[in-house]
Amino acid sequence: MALIQPLEWRYATKKFDASKKLSAGQLENLLDAVRLAPSSFGLQHYRILVIEDAGLREQLKAAAYNQSQITDASQLIVFAAETKINEAYVEKYVDLLAKERNTERANLEPFEKTMIATVNHRAEDQRVAWAHKQAYLALGVLLTAAAEAGIDACPMEGFEAGKFDEILGLSEKGLTATVIAPIGFRAEDDAYAHFAKVRKPKEELFIRL
């Protein structure tokens, strides 16, 4: 399987080479891949911020325990969950479905009703938790696509989400930070690049029934 080798190669990069940047084409290819990530009902319950501004990243670094990846990577990707998953959100998605699939909106009513029932069955905090889970699916696609392209990344939960929300103005956008991932190219002296990858043996990880 061709994907195994890139996954063996990748690791959570601790030190990026600040002098190396993704080309415009490399970045767009990654974003195209993430756009195609799966999500529950296809609702894409999140937005994705692509941050390059140096001053903004310095502010975010302070809210991420001064981890150097925030400022040294080529870009910082912030996955932010939607906080207003409601009937209007579903209706907007169904409008897009009808347009993209060239079908009458009435044909999608059963699907729409199912989605609305699912949303209404959840309390507001449960909807946000649901959205956070979907954002992690998109993160997984980013990490895999980056590895396949020979681009380094580092999934990070070590940051203060409330401060990220404040710095980025996410609350006003109906969003809240979920997880972040700097992307770029590893520094030659990042010792972590040479550590053996340690995972559970297959017989311990997989339960076959």
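Each remark here, short or long, concerns the structure printed above.
The paragraphs below set out a description of the structure included in this document. A quick note: this is a predicted structure, and the numbers were derived from the prediction, not measured.

### Some thoughts on the environment of L168
- As for its placement among the helices and strands, L168 is situated in helix α8 (residues 161-168).
- With a relative accessible area of 11%, L168 lands in the buried category.
- Sequence-wise, L168 and L60 are 108 residues apart; in three dimensions their C-alpha atoms are separated by 8.7 Å.
- Not counting residues up to four positions away in its chain, the partners in contact with L168 are L49, I51, L56, L60, V78 and K173.

### So, the pattern of salt bridges
- Considering all chains together, one arrives at five salt bridges under this definition.
- Among the ionic pairs, R186 bridges to D152, the shortest N-O distance being 2.7 Å. On the criterion of sequence distance, the pair formed by R186 in the loop between β4 (175-184) and α9 (202-205) and D152 in strand β3 (residues 152-153) is long-range, its members being 34 residues apart. Both residues of the pair, R186 and D152, count as buried.
- Each of D95, R105 and E112 takes part in a single network of salt bridges with overlapping partners.

### Topic: the environment of E157
- Topologically, E157 is positioned in the loop between β3 and α8.
- Contacts of E157, omitting those with residues within four sequence positions, involve Y136 and V179.
- A polar atom in the side chain of E157 sits 2.3 Å from the side chain of Y136.

### Some points on helix α2 (residues 24-35)
- Over its twelve residues, α2 runs 16 Å from end to end, which matches the ideal 16 Å to within 8%, given 1.5 Å per residue.
- Those residues of α2 that fall on the buried side of the exposure criterion are L27, L30 and V34. Within α2, the buried residues cover an arc of 65° as seen down the axis, which keeps them to one side. Facing away from the buried side of α2, by more than 90 degrees, are the exposed residues A24, N29 and R35.
- Along its buried surface, α2 packs onto β1 (46-51), β2 (75-82), α7 (124-148) and β4.

Calculation criteria
Residues numbered from 1 in each chain as written. Predicted model: local features only at pLDDT ≥ 70, side-chain atom pairs only at ≥ 80, totals over all residues. Heavy atoms only, no water. Helix = DSSP H or I, 4+ residues; strand = E, 2+ residues; numbered from the N terminus. Buried < 20%, exposed > 50% of the residue type's maximum accessible area, 1.4 Å probe, protein only. Contact = heavy atoms within 4.5 Å. Salt bridge = Lys/Arg side-chain N within 4 Å of Asp/Glu carboxyl O. Polar contact = N/O pair within 3.5 Å; in protein donor to acceptor, adjacent residues only side chain to side chain. Expected span 1.5 Å × (residues − 1). Arc of directions from axis to C-beta.

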